[in-house]
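Results of the structural survey
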Amino acid sequence: APAAAAPKQPRLSADDFRVTARRVGITIDEVKAGLEQFIAADADNSGALDEAEVLSVLRTVTKKKMKSMMLKRYVSQAFAQYDADKSGTIEWDEFIQLYASVLK
């Protein structure tokens, strides 16, 4: 039987965490938390999040401070802005920029 495909989850070294934190303007701990959220939300291990998955992460991150309709609208706008390759999903590099913008 063929080996199962390895999950496409991002793997970050200590250096990657530092560089990413500096690039998006959040702390290394916030990058680590973002990665945990990303992996938890990526139910199908595709290495990318669809709108529903991003919505569930942001609902957690914003601690329900944003009303549901507002959050959905925000996610739609965020997809337009952060889905750089227009794939209809948000990959890690795109996600961490979105995640950082929500934290700021």
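None of these values were measured; they are calculated from a predicted model. Here, residues in each chain are numbered from 1, in the same order as that chain's written sequence. Only residues with pLDDT of at least 70 are given local features in this predicted model, and only at 80 or more are side-chain atom pairs given and counted; all residues enter the totals for whole chains, interfaces and linings. Side-chain figures throughout are based on the complete set of non-hydrogen atoms in the structure, without hydrogens or water.

**Focus: the overall build of the protein chain**
Helix and strand counts for the protein chain stand at five helices and two strands. The helix and strand labels rest on DSSP assignments: H or I over at least four residues marks a helix, E over at least two residues marks a strand, and numbering proceeds from the N terminus. Each helix and strand of the protein chain, placed in order from N terminus to C terminus, yields the pattern α-α-β-α-α-β-α. Restricting the calculation to C-alpha atoms gives the radius of gyration, and the globule rule supplies 2.2 Å times the number of residues raised to the power 0.38. By the compact-globule yardstick of 13 Å for 104 residues, the protein chain fits well, its C-alpha radius of gyration being 14 Å. The dimensions of the protein chain, computed from C-alpha atoms along their principal axes, are 45 × 30 × 25 Å. Out of the 104 residues belonging to the protein chain, those deemed buried represent 38%. When checking whether two residues touch, look at their non-hydrogen atoms; a contact exists if any pair is within 4.5 Å. If you take every contact in the protein chain between residues at least 6 apart in sequence, the share linking residues at least 24 apart comes to 56%. Accessible areas in this description were obtained via Shrake-Rupley with a 1.4 Å probe; residue shielding takes into account the shown protein chains only. A total accessible area of about 6,400 Å² is found for the protein chain, and carbon and sulfur atoms account for 55% of it. Each charge class in the protein chain can be summarised by its mean position, and for the 15 positive and 15 negative side chains these summaries are 8 Å apart. The buried label applies to any residue whose accessible area, calculated with a 1.4 Å probe on protein chains only, is under 20% of its type's maximum; exposed applies above 50%, and partly exposed to all values in between. We count Lys and Arg on the positive side and Asp and Glu on the negative side, and we leave His and both chain ends out. Think of each charge as sitting on NZ of Lys, CZ of Arg, CG of Asp or CD of Glu.

**Topic: the packing of helix α2 (residues 28-41) against helix α5 (residues 92-103)**
Running from amino to carboxyl end, α2 crosses α5 at an angle of 120°, the nearest separation of the two axes being 10 Å. When the interaxial angle is binned, α2 and α5 end up oblique. Our pair here, α2 against α5, has a crossing hand that is right-handed. The segment α2 lies against α5, with E30, V31, A33, G34, L35, Q37 and F38 engaging W92, F95, I96, Y99 and L103. For this scheme, ten residues count as nonpolar: Ala, Val, Leu, Ile, Met, Phe, Trp, Tyr, Cys and Pro. Four count as charged, namely Asp, Glu, Lys and Arg, and the remainder, Gly too, count as polar. Among the residues making up the contact of α2 with α5, the classes are represented as nine nonpolar, two polar and one charged. Angles here are taken between N-to-C directions and fall from 0 to 180 degrees, while the axes themselves are lines fitted to C-alpha atoms, restricted in helices to the stretch in contact. Angle categories are assigned with fixed cut-offs, so that under 35 degrees is roughly parallel, over 145 is roughly antiparallel, 65 to 115 is roughly perpendicular, and the rest are oblique. By convention the crossing between two helices is left-handed if the near helix lies anticlockwise of the far one by an angle smaller than a right angle, and right-handed if it lies clockwise.

**What about the environment of Y99?**
With respect to the helices, strands and loops of the structure, Y99 is situated in helix α5. We classify Y99 as buried; its relative accessible area is 5%. A C-alpha to C-alpha distance of 8.7 Å links Y99 and V31, two positions 68 residues apart in sequence. Residues within four places of Y99 in sequence aside, it is in contact with I26, E30, A33, G34, Q37, V57 and V61.

**A word on the packing of aromatic side chains**
Think of a pair of aromatic rings as described by two things: how far the centres are apart, and how the planes are tilted against each other in angle. Think of it this way: a Phe, Tyr or Trp ring, Trp meaning its six-membered ring, pairs with another when their centres are within 6.5 Å, and the plane angle makes it stacked under 30 degrees, edge-to-face over 60, tilted otherwise. Enumeration over the complete set of coordinates arrives at four aromatic pairs. Look at F38 and F95: their rings are 5.2 Å apart centre to centre, the planes differ by 55°, and that puts the pair in the tilted class. On the criterion of sequence distance, the pair formed by F38 in helix α2 and F95 in helix α5 is long-range, its members being 57 residues apart. Grouping residues by exposure puts F38 and F95 together as buried.

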